[in-house]
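Residue strings, one per chain:
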Amino acid sequence: MKRCFRISVMVLLLFGVSYAAWAYENDQFSINSIGNVQYDSSRRMLIMLLPVSDGFAPNINVSVKEYPDSLKSFADMTEAQFGRVGFKKIQQSFVTDKVVFEYTGKIQNRLLHWYGVAQKKGGNMFVVTATAGESQWKNVSGELLRCVRSFRLK
């Protein structure tokens, strides 16, 4: 019985370490992966979905958009867009070469929580966003934030 337990623990540890170390990488960026990973090259978007709970799948999106203006103008535009729809700003700040933003707001009667990072390289803006229901945020934010913060441009 003890041997079976030890083997089970070893298998779980091996898979846990392997799962935590898995990353998505392409020629532009890398990011630690979580959940179900889908990449749409035509839309230049990566989506990672955690299991659905409370009718919503917490997720990470990485989008690459052509953006000729500055990081500051992108931050101002983001703040204005979220403000127009009545979202509440928790934080928005510049950290070295990126802007970090965090908001809450309602979409289709669902209170959501967003945490994101935008980073510019050349004529592209790379936007990494974690989204979860506000009721889910406490339970999944650690995993989502680790994923967003693992994002690296090449």
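These numbers were taken from a predicted model, which means no experiment stands behind them. Each chain carries its own residue numbering, running from 1 in the direction its sequence is written. Side-chain atom pairs in this predicted model are given and counted only at pLDDT of 80 or more, local residue features only at pLDDT of at least 70, and totals for whole chains, interfaces and linings cover all residues. Side-chain calculation: all heavy atoms of the structure are included, whereas hydrogens and water are not.

1. Some words on the overall build of the chain
A run of H or I in DSSP counts as a helix once it spans at least four residues, and a run of E counts as a strand once it spans at least two, with each numbered from the N terminus. The helix and strand tally for the chain stands at 3 helices and 10 strands. Reading the secondary structure of the chain in the N-to-C direction produces α-β-β-β-β-β-α-β-β-β-β-α-β. Whether two residues are in contact is decided by their heavy atoms: any pair within 4.5 Å suffices. Partitioning the contacts of the chain with sequence separation of at least 6, the portion at a separation of at least 24 is 42%.

2. Quick notes on the pairing of strand β9 (residues 124-133)
In this scheme, a residue with accessible area under 20% of its type's maximum is buried, one over 50% is exposed, and one in between is partly exposed, where area comes from a 1.4 Å probe on protein chains only. For β9, the buried fraction is high: 10 of the 10 residues fall into the buried class. Of the two faces of β9, the one lined by Asn124, Phe126, Val128, Ala130 and Ala132 and the one lined by Met125, Val127, Thr129, Thr131 and Gly133 are each fully buried. Here 8 bridges tie strand β5 (residues 59-66) to β9, and the two strands are oriented antiparallel to one another. When the sheet's bridge partners are listed, Ser63 is paired in β9 with Val127. Here strand β8 (residues 110-121) runs beside β9; their pairing, made up of 10 bridges, is antiparallel. Paired with Gly116 across the bridge in β9 is Thr129. Note on pairing: DSSP must find at least two bridges between two strands before they are called paired. Between the antiparallel neighbours β8 and β9 lie 2 residues, among them Gly122 with a positive phi of about 60°.

3. Some points on unusual backbone geometry
Positive phi, close to 50°, is recorded for Arg44, a residue that is not glycine. Note on placement: Arg44 falls in the loop between β3 (36-40) and β4 (45-49). Residue classification places Arg44 among the partly exposed residues on the basis of a relative accessible area of 26%. Even without being a glycine, Gln108 presents a positive backbone phi close to 50°. Within the secondary structure, Gln108 is located in the loop between β7 (98-107) and β8.

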